[in-house]
Every structure is written in structure tokens, then in C-alpha cells.
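Remarks on the overall topology
Here are the chains, one letter per residue:
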Amino acid sequence: MRLPLHVDYALRMLMQLGVQDQRLTTIAQTANTYGISKNHLMKVAHNLRQLGYVEAIRGRSGGLKLAMPAEDINIGRFVRDMEAGSALVECFPGGSGGCLITPSCRLKGMLANAMEAFYESLGQFTLADLINSNAPLREALLLDVK
């Protein structure tokens, strides 16, 4: 299984915002930190704002910050929210539905169970688990470790 690129970028953005302790961070800063396209991150930030994970402050000294405490951001729920509407295979909701063997295929049920187990496993963790007491992460994001 592979996470879509936008989910990967969204998780990275959340981690950067989480270590900022409510200081505003711009999309350009995040793009520079990770070496990711600013245009891609603009779409990710827009989605994060729509889902309620990020607050955007407009204006010259604006930027992004978490809309809730890191302890309240469940990673399993977050990934599920980010993947809403995406189909693992074409016979899943959101897929094209064009597979010839869908009516007799048992793989769909197995894959659905595996996806649920994946989300449940991630659901044991919060954003705080990823960022708290993680000096190497702070250093990698070029932040003070204080």
C-alpha cells in the first residue's frame, strides 16, 4: 500500500506546523523546508483548511497554524479524511467500477479489511506522538530545540 502524494505532503505540513507551537508558517517556508513545489502545497493547505485541521491567517504577516491541539489530531482519522473519495481499486466507491469480475471477486473484501486495519493501526497515534520530545525532527525542520 502506498499513501498518495497529497497525504504524504499533508502529514509533513502538519508536522511542521505542530513543532511551531502556534507560530505562523507560510506555505513558502514549508515548501523550502521540504523541497516541495509551492503549488502542490497550496492545494494541500487549502484541503487542510477545508477539513478543519489548519487555520489560515491572511495578510502580510499571515501564514498557517494548527486549528486544534496536536493531541486532538488522530493520524488514522486524518489519513482517512485526506483519502476520502479515493479508491484503492476500481471496484471501491470512488473507483471507475469497470472491472469485469467485481460481482464474483473476493479480493474487494480482503482489501477493504486490510485498509480498515491500516486506519485502525494509525488511529493509535496522534500528531503529538509524532512531534513531542522529537529533537531530531525539530533539528531537521531547522527549529530551535529549546
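Structure first, text after, so check above.
Keep in mind it's a predicted model, so treat the numbers as computed, not measured.

A word on the packing of aromatic side chains. Throughout the structure, instances matching the rule amount to two aromatic pairs. Their ring planes at 85° and their centres at 4.8 Å tell us that Y53 and F78 sit as a pair that is edge-to-face. Pair noted here: Y53 is in the loop between α3 (38–50) and β1 (54–57) and F78 is in helix α4 (residues 75–83), with a separation of 25 residues, a long-range link. When its relative accessible area of 5% is taken as the criterion, Y53 is described as buried. Their ring planes at 55° and their centres at 5.8 Å tell us that F118 and Y119 sit as a pair that is tilted. F118 sits in the partly exposed class, given a relative accessible area of 24%. Of the residues examined, Y119 reaches a relative accessible area of 8% and is grouped as buried.

Thresholds applied
- Residues numbered from 1 in each chain as written.
- Predicted model: local features only at pLDDT ≥ 70, side-chain atom pairs only at ≥ 80, totals over all residues.
- Heavy atoms only, no water.
- Phe/Tyr/Trp six-rings, centres within 6.5 Å; stacked < 30°, edge-to-face > 60°.
- Helix = DSSP H or I, 4+ residues; strand = E, 2+ residues; numbered from the N terminus.
- Buried < 20%, exposed > 50% of the residue type's maximum accessible area, 1.4 Å probe, protein only.

Bear in mind that shape data such as this cannot, by itself, settle questions of function.
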